[in-house]
Amino acid sequence: MTSSFARVVLVTAGAGGLGKGIVRTLASDGYRVAFTYRPTGTSPQTTLEALGVHGDQTLVVPADFAERGAGQHVVNTVEAQLGRLDVLVHTVGPMLYRRFERSTLADYDALVETNLRSTVEVAMAALPGMRAREFGRLIFFGMEGSHATIPAKGMSFYAAAKAGLVAFARTLAVEEAHRGITVNVIEPG
């Protein structure tokens, strides 16, 4: 793929962990890559250093997906700087191990807002451009068993958010297929 015709991909939470590996792989495969990092979290510098020569063509956008509006801001930035957005890989989503009896509504809000609501928000922002071009790829992350709502002790809120994410993704896949847009959920583990 030449850089002038390369697909543009956005990887959320690309400064560390799973997201960092995805950014590295896609950049080395010739994609034009944008990735986000949380300003109060892991620095994007290690990801950029890992990209080497590919880092010169990489857009880095600070974003905290716990804040409403972050998804729209990031998509707007990517489209303004790179001209379009073809592929969205949304890896954002904190995990909390805590039995329900010890959980709080603040825990619920944090897990549902960041795992499910941020997915809905960034998809709403990315889809208009994808629809206009009749091409797009949305890739989200569930948890092992979220496709079948398999229970896991200590993960009531996280599992509920990820099961909701799967239901959302399946519905989007049906609604957007005729436009050349695919929607998939990866369940690590």
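Residues numbered from 1 in each chain as written. Predicted model: local features only at pLDDT ≥ 70, side-chain atom pairs only at ≥ 80, totals over all residues. Heavy atoms only, no water.

Let's talk about the layout of surface pockets
What the largest pocket holds in volume is close to 650 Å³. Within the residue set of the lining of the largest pocket, elements represented by two or more residues are helix 1 (17-28), strand 2 (32-37) and helix 5 (156-176). Here the lining of the largest pocket takes 3 residues from helix 1, the largest share from any one element. Here the lining of the largest pocket is composed, by residue class, of 16 nonpolar, 10 polar and 4 charged. (1 Å grid on protein atoms, 1.4 Å probe; cavity = no way out; pocket = protein on both sides within 12 Å on 5 of 7 lines; lining within 4 Å. Points joined across faces, edges and corners; volume = space filled by probe spheres on them. Helix = DSSP H or I, 4+ residues; strand = E, 2+ residues; numbered from the N terminus. Nonpolar A, V, L, I, M, F, W, Y, C, P; charged D, E, K, R; others polar.)

Considering the packing of aromatic side chains
Two measures describe an aromatic ring pair: the distance that separates the ring centres and the angle between the ring planes. What the rule picks out here adds up to 3 aromatic pairs. Both rings, one in F100 and one in F157, keep their centres 5.7 Å apart while their planes meet at 80°; by these two values the pair is edge-to-face. Here F100, found in the loop between strand 4 (87-90) and helix 4 (105-133), pairs with F157, found in helix 5; they are 57 residues apart in sequence, far enough to count as distant. Where Y108 meets F157, the ring centres are 5.4 Å apart and the plane angle is 80°; that geometry is what we call edge-to-face. Taken as a pair, Y108 in helix 4 and F157 in helix 5 lie far apart in primary sequence, 49 residues in all. Judged by relative accessible area, F157 falls into the buried class, the value being 12%. An aromatic cluster of three or more residues is present, and its members are F100, Y108 and F157. When the ring centre of F135 is taken as reference, the NZ or CZ atom of R7 above it lies at 3.7 Å. (Phe/Tyr/Trp six-rings, centres within 6.5 Å; stacked < 30°, edge-to-face > 60°. Buried < 20%, exposed > 50% of the residue type's maximum accessible area, 1.4 Å probe, protein only. Lys NZ or Arg CZ within 6 Å of the ring centre and 35° of its normal.)

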